[in-house]
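Coordinate inspection notes
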Amino acid sequence: QVQLVESGGGLVQAGDSLRLSCAASGRTAGIYFMAWFRQAPGKEREFVASIRWSDSNTYYADFVKGRFTISKDGAETTVALQMNSLKPEDTAVYFCAVRHNPLLAYAIWGRGTQVTVSS
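Everything in this summary refers to the structure shown in the same document. (Residues numbered from 1 in each chain as written. Predicted model: local features only at pLDDT ≥ 70, side-chain atom pairs only at ≥ 80, totals over all residues. Heavy atoms only, no water.)

1. Overview of the state of the cysteines
Here is the rule we go by: Here, a disulfide means two cysteine sulfur atoms that sit within 2.5 Å of each other. By definition, any uninterrupted DSSP run of H or I lasting at least four residues is a helix, any uninterrupted run of E lasting at least two residues is a strand, and each is numbered from the N terminus.
Within the structure shown, the criterion is met by 1 disulfide. Residue C22 pairs covalently with C96 via a disulfide, S to S 2.0 Å. Taking the sign of the S-S torsion, -80 degrees for the link of C22 and C96, the bridge is left-handed. Within this pair, whereas C22 is found in strand β3 (residues 18-26), its partner C96 is found in strand β9 (residues 92-99), the two being separated by 74 residues in sequence.

Pasting the structure below:
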């Protein structure tokens, strides 16, 4: 089993930057994708960005393109989400997730880290 631990959330002002980190441990071999999702109060969880572990190809939701960057972070199985030009509407709990199989959905989730952007 894989365990995911997110860190780096906090309270910032609009226009500021924040860097989230997700560390995977346990049976990390064979990870296909790692991704970030977010869930704002009263809204459904939504996809933010993902990275394919084999070739580091990245994918983004339209609303974060040009502002957020997902990347591998260091030698361990860690993924970072660099968030720039933050907006109040980016306020949400951000979750890290892992997918092992291209035919299956994201099945392993972290507990999330709160990001609050004040105007």
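2. Focus: the environment of F68
Using the following cut-off: When a residue's accessible area, from a 1.4 Å probe over protein chains only, is under 20% of the maximum for its type it is buried; when over 50% it is exposed; and in between it is partly exposed. Any two residues whose heavy atoms approach within 4.5 Å are treated as being in contact.
Within the element layout of this structure, F68 appears in strand β7 (residues 68-72). For F68, a relative accessible area of 3% puts it in the buried group. Spatially, the C-alpha atoms of F68 and S85 are 8.5 Å apart, while their sequence positions differ by 17 residues. In this view, F68 contacts R38, V48, Y60, L81, Q82, M83, N84, L86, D90 and Y94; residues no more than four positions away in its chain are not counted.

3. Comments concerning the packing of aromatic side chains
Inclusion rule: Ring geometry is summarised as follows: Phe, Tyr and Trp rings, the Trp one being its six-membered ring, pair when their centres sit within 6.5 Å, and such pairs are stacked at plane angles under 30 degrees, edge-to-face over 60 and tilted between the two. The rule is short: NZ of Lys or CZ of Arg within 6 Å of the ring centre and within 35 degrees of the ring normal puts a charge over the ring.
Across all of its chains, the model carries 5 aromatic pairs by this definition. Aromatic pair F37 and F47: ring centres 5.7 Å apart, planes at 75 degrees, arrangement edge-to-face. One end of the pair, F37, is in strand β4 (residues 33-39); the other, F47, is in strand β5 (residues 46-52), with 10 residues separating them in the sequence. Of the residues examined, F37 reaches a relative accessible area of 12% and is grouped as buried. For F47, a relative accessible area of 28% translates into the label partly exposed. Taken together through their ring pairs, the aromatic side chains of F37, F47, Y106 and W109 make up a single cluster. Directly above the ring of W53 sits K72, whose terminal nitrogen or CZ lies 4.6 Å from the centroid. The ring of Y106 has R99 lying over it, and the distance from NZ or CZ to the ring centre is 5.6 Å.

4. Some remarks on the side chain of R38
Under the convention used in this document: A 3.5 Å cut-off defines polar contacts: any pair of N or O atoms within that distance qualifies, except that in protein one atom must be a possible hydrogen donor and the other a possible acceptor, and neighbouring residues in sequence count only when both atoms are side-chain atoms.
Looking at the secondary structure, you find R38 in strand β4. Within the structure, the side chain of R38 is placed 2.9 Å from the side chain of D90, a separation counted as a polar contact.

5. Thoughts on the environment of F37
The sequence separation of F37 and A49 amounts to 12 residues, and the corresponding C-alpha distance is 7.1 Å. What F37 contacts, discounting residues up to four positions off in sequence, is R45, E46, F47, V48, V93, Y94, F95, A97, Y106 and W109.

6. Describing the sheet that holds β3
Counted only if it meets this: For two strands to be treated as a pair, DSSP must find no fewer than two bridges joining them. Axis angles are defined between N-to-C directions and span 0 to 180 degrees, where every axis is a line fitted to C-alpha atoms and, for a helix, only to the segment in contact.
A sheet is described by the order of its strands in space; here 4 strands give the open sequence β1-β3-β8-β7, paired in antiparallel fashion. One side of each edge strand has no neighbouring strand; the edge strands of this open sheet are β1 (2-7) and β7. Strand-to-strand twist of the sheet, defined as the mean angle between neighbouring strand axes without regard to direction, takes the value 15 degrees. Where β7 lies against strand β8 (residues 78-83), 5 bridges are found, and the strand directions are antiparallel. Of the residues in β8, the one forming a bridge with S71 is A80.

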